[in-house]
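# Residue-level structural notes
Letter by letter, the chains look like this.
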Amino acid sequence: MPLTSDPPIDKETVRTPPHDRPGFAELTVVPLRHPWRWVAVAATAVLLAQFLNGLITNPGWEWDVFAQFFTTETILKAVWVTLQLTFYGTVLGFALGIVLAFMRLSASPFLRAVAYAYIWAFRSIPLIVQLLFWFNLAYLYKELQFGIPFGPGFFSFDTMNLVGAMSAAVLGLALHQAAYAAEIVRGGVLAVDSGQLEAAAALGIPRLRQLRRIVLPQAMRSILPNAANEIISLFKGTSIVSVMAIGELFYQVQVVYGRNGRVVPLLMVATVWYILLTTVLSVLQYYVERHYAKGAVR
């Protein structure tokens, strides 16, 4: 006696292929059409063509002036200064950011509070204000002493020439970047499954080796996209140091078009350099991400 009440199965229907069943050949398969998608494609193509046509034919862009100044010695030196600011700000910022991230992950409430206060303060204060504070350090502190805390100092030196414009820019960019880098690193570390650390501890692997061989290689997959965005933002954000009269790219472009009055082509010089260097950073990001994605992406 069957245990179910399902209707009996017609064996002929099961055995007969779908295309051999009566009436199947008469069906017409109509592909799904997307008329509005093609309308959007056509409208976008027309707008893009109009923009490119104006970019090429509009004499206001003054492409001859652009070509004249794009690779001049002044602009190339300014690009080099911009790259230096980006490099030092990134290296120092992420080095301090890693320390702050692990302070926030520490079991010590005091270290967590200090790291949180640092991140809160430097994310709250605008970068231009921080740069101007460091640039005017000599106004706040006439000299710095080294000695016993809250006691006598052993030696001191004047701060007037201690922090120049370039040093203040690097210091401000690095300290500002560290606050964001700390949260990026902390988020990447928290993304690693805690069970792996428990397994590594059960095997007797030292904590430093756990961090270096287990945590960071996996955390890098989460850290890299956000870190690359921050580096690119820092690269473009170096233009803000022009308020300190540092000869980076945007400042030099301002100086040149202040002399010859060719504002638009000189701004395009800076724009194209920013685009080129950002593209290079994006390509490097792709290869670094692919390196750390080994074993995770097939």
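See above for the structure.
Below is a short write-up of the structure. Since the structure is predicted, the reported quantities are computational estimates derived from the model, not experimental observations.

## Quick word on the overall build of the protein chain
In terms of regular secondary structure, the protein chain is built from 12 helices and 2 strands. Its helices and strands in sequence order give the protein chain the pattern α-α-α-α-α-α-α-β-β-α-α-α-α-α, from N to C terminus. Each of the 298 residues in the protein chain was classed as buried or not, and the buried ones make up 28%. Within the protein chain, contacts between residues at least 6 apart in sequence are counted, and of these 71% link residues at least 24 apart. Carbon and sulfur atoms make up 66% of the accessible area of the protein chain, which amounts to about 20,100 Å² in all.

## Notes on helix 10 (residues 207-237)
Helix length check: helix 10 (31 residues) gives 37 Å between terminal C-alpha atoms against 45 Å at 1.5 Å per residue, more than 12% under. Along its length, helix 10 shows its largest kink, about 45 degrees, at Ile223, and proline Pro225 lies within four residues downstream of that point. Residues Gln210, Ile214, Val215, Ala219, Met220, Ile223, Leu224, Ala227, Ala228, Ile232, Leu234 and Phe235 constitute the buried set of helix 10. Buried positions along helix 10 lie against helix 4 (73-104), helix 8 (165-190), helix 9 (194-202) and helix 12 (263-292).

## Quick word on the side chain of Thr86
With respect to the helices and strands, the residue Thr86 is situated in helix 4. By relative accessible area, Thr86 is classed as buried at 7%. For Thr86, the residues in contact, after removing those within four places along its chain, are Ile231, Leu234, Phe235 and Thr238.

## Describing the environment of Ser124
Topologically, Ser124 is positioned in helix 5 (residues 109-124). On the basis of relative accessible area, Ser124 is assigned to the partly exposed category, the value being 48%. Sequence separation between Ser124 and Ala179 is 55 residues, and the spatial gap between their C-alpha atoms is 10.0 Å. At 2.5 Å, the side chain of Ser124 forms a polar contact with the backbone oxygen of Trp120.

## Let's talk about the pattern of salt bridges
Tallying each qualifying case throughout the model produces 4 salt bridges. In this structure, the salt-bridge partner of Glu62 is Arg262, at a minimum N-O distance of 2.9 Å. Taken together, the positions of Glu62 in the loop between helix 2 (35-57) and helix 3 (63-69) and Arg262 in the loop between helix 11 (249-260) and helix 12 put the pair 200 residues apart, joining distant regions of the chain. For Lys77, the salt bridge is made with Glu73, and the minimal N-O distance between the two is 3.2 Å. Taken together, the positions of Lys77 and Glu73, both in helix 4 and 4 residues apart, correspond to about one turn of that helix. What makes Glu73 exposed here is its relative accessible area of 56%. Among the charged side chains, a network of salt bridges with common partners joins Arg104, Glu183 and Arg186.

## Quick notes on the packing of aromatic side chains
Counted under the stated rule, the structure contains 8 aromatic pairs. For the ring pair Trp61 and Trp63, a centre distance of 6.1 Å and an interplane angle of 20 degrees mean the geometry is stacked. On the accessibility criterion, Trp63 (30% relative accessible area) is partly exposed. Here the aromatic cluster, defined as three or more aromatic residues joined through ring pairs, consists of Trp61, Trp63, Phe66, Phe70 and Trp273.

## Points about unusual backbone geometry
Located in the positive-phi region is Glu62, a residue other than glycine, with phi close to 50 degrees. Under the relative-accessibility criterion, Glu62 is labelled partly exposed at 24%. The backbone phi angle of Ala245 is positive, close to 60 degrees, even though this residue is not glycine. Position of Ala245 among the secondary structure elements: in the loop between helix 10 and helix 11.

## Structural notes on the packing of helix 11 against helix 12
Where helix 11 contacts helix 12, the axes come no closer than 9 Å and their chain directions differ by 165 degrees. When the interaxial angle is binned, helix 11 and helix 12 end up roughly antiparallel. Handedness of the helix 11/helix 12 crossing: right-handed. From helix 11, Leu249, Phe250, Val253, Val256, Tyr257 and Asn260 reach across to helix 12, where they touch Val263, Leu266, Leu267, Ala270, Trp273 and Tyr274. When the residues that make up the contact of helix 11 with helix 12 are grouped by side-chain class, the tally is 11 nonpolar, 1 polar and no charged.

## Description of helix 5
Since the α-helix turns once every 3.6 residues, residues separated by three or four places project in the same direction. Counted at 1.5 Å a residue, the expected span for helix 5 with its 16 residues is 22 Å, and the 22 Å between its end C-alpha atoms agrees. By the burial criterion, the buried members of helix 5 are Ala115, Tyr118, Ile119 and Phe122. Projected onto a plane normal to the axis of helix 5, the buried residues spread over an arc of 95 degrees and lie on a single side. Opposite the packed face of helix 5, turned more than 90 degrees from it, sit the exposed residues Pro109, Phe110 and Trp120.

What counts as what
- Along every chain, residues carry numbers that run from 1 in the direction the sequence is written.
- Only residues with pLDDT of at least 70 are given local features in this predicted model, and only at 80 or more are side-chain atom pairs given and counted; all residues enter the totals for whole chains, interfaces and linings.
- Here the side-chain values reflect all heavy atoms present in the structure, with hydrogen atoms and water set aside.
- Only DSSP runs of H or I with at least four residues qualify as helices, and only runs of E with at least two residues qualify as strands; both kinds are numbered from the N terminus onward.
- Using a 1.4 Å probe on the protein chains alone, a residue whose accessible area is under 20% of its type maximum counts as buried, one over 50% counts as exposed, and one in between counts as partly exposed.
- Residue contacts are counted whenever heavy atoms from the two residues lie within 4.5 Å of one another.
- Each accessible area value is a Shrake-Rupley result obtained with a 1.4 Å probe; residue values ignore everything except the protein chains displayed when judging cover.
- In a helix, the anticipated span is given by 1.5 Å times the number of residues less one.
- Bend, at a single residue, is the angle you get between axes fitted to the 7 residues ending at that residue and the 7 residues starting at it.
- Under the rule applied, a polar contact is a pair of N or O atoms within 3.5 Å (in protein, one hydrogen donor and one hydrogen acceptor; residues adjacent in sequence only if both atoms are side-chain atoms).
- Criterion for a salt bridge: a side-chain nitrogen of Lys or Arg within 4 Å of a carboxyl oxygen of Asp or Glu.
- Each pair of aromatic rings taken from Phe, Tyr and Trp, with Trp reduced to its six-membered ring, is defined by centres within 6.5 Å and is described as stacked if the planes are under 30 degrees apart, edge-to-face if over 60, and tilted in the remaining cases.
- Interaxial angles span 0 to 180 degrees and are taken between N-to-C directions of axes, which are lines fitted to C-alpha atoms, for helices over the stretch in contact.
- Our angle categories are set so that under 35 degrees counts as roughly parallel, over 145 as roughly antiparallel, 65 to 115 as roughly perpendicular, and the remainder as oblique.
- A clockwise turn of the near helix away from the far one marks a right-handed crossing, whereas an anticlockwise turn of less than a right angle marks a left-handed crossing.
- Classes in brief: Ala, Val, Leu, Ile, Met, Phe, Trp, Tyr, Cys and Pro nonpolar; Asp, Glu, Lys and Arg charged; the others, Gly included, polar.
- Working definition: the arc comes from the directions between the helix axis and the C-beta atoms, pointing outward to the latter.

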